[in-house]
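What the coordinates show
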Amino acid sequence: MLPESRLNAEGRPQAADRLDDDQYPAYTMGRAAELIGATPGFLRSLGEAGLISPTRSEGGHRRYSRQQLRRAARARELVDQATPVEAACRIVRLEDDLEAALRMNEELRRGGE
């Protein structure tokens, strides 16, 4: 959470802070697909599988964050290796869960010293 002095009049992070925010939905579908070397249809399939959930602009267009693009890029790597989309999404979720568990384990280990 940002201090109130870093928020604009609407209570949102100032523009400069959003540039560093991995969660900020900065990328349109076309740009996101281009960045990960996929098609918009591939991104839609990841959304349907529940791996990523793009936010919608006021006009109803899908917008993606950097974190979502990293997950999508990893899924694309797996699909490129002949892994079905549903299985790729499951693998990415499990990798994320493992990373979070390892991080928590390390924090607990450091706290016990």
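Use the structure listed above.
Calculation rules
- Residues numbered from 1 in each chain as written.
- Predicted model: local features only at pLDDT ≥ 70, side-chain atom pairs only at ≥ 80, totals over all residues.
- Heavy atoms only, no water.
- Core = buried A, V, L, I, M, F, W, Y, C linked by side-chain atoms within 4.5 Å.
- Buried < 20%, exposed > 50% of the residue type's maximum accessible area, 1.4 Å probe, protein only.
- Helix = DSSP H or I, 4+ residues; strand = E, 2+ residues; numbered from the N terminus.
- Contact = heavy atoms within 4.5 Å.
- 1 Å grid on protein atoms, 1.4 Å probe; cavity = no way out; pocket = protein on both sides within 12 Å on 5 of 7 lines; lining within 4 Å.
- Points joined across faces, edges and corners; volume = space filled by probe spheres on them.
- Nonpolar A, V, L, I, M, F, W, Y, C, P; charged D, E, K, R; others polar.

What follows is about the nonpolar core. Grouped together as the largest cluster of nonpolar side chains are 18 residues, with contacts concentrated most on L43, L46, L51, I52, Y64 and A75. When residues of this core are traced back to their parent elements, those giving at least two are α2 (29-36), α3 (40-48), α4 (66-80) and α5 (85-111). Setting aside its immediate chain neighbours within four residues, L51 contacts L46, R71, A75, C89, V92 and R93.

Before going further, it helps to examine the layout of surface pockets. By volume, the largest pocket amounts to about 240 Å³. Lining the largest pocket are Q67, R70, R71, R74, V92, E95, D96, E99, A100 and R103. Of all the elements in the fold, those that place two or more residues in the lining of the largest pocket are α4 and α5. For the lining of the largest pocket, the element with the most residues is α5, which contributes 6 residues. Of the residues assigned to the lining of the largest pocket, the class counts are 2 nonpolar, 1 polar and 7 charged.

Moving on, we get to the environment of M29. As for its position among the elements, M29 is in helix α2. Through-space distance from the C-alpha of M29 to that of H61 is 7.8 Å; in sequence the pair is 32 residues apart. When sequence neighbours within four positions are dropped, the list of residues in contact with M29 reads P40, L43, R44, R62 and Y64.

Keep in mind these values describe shape, not function.
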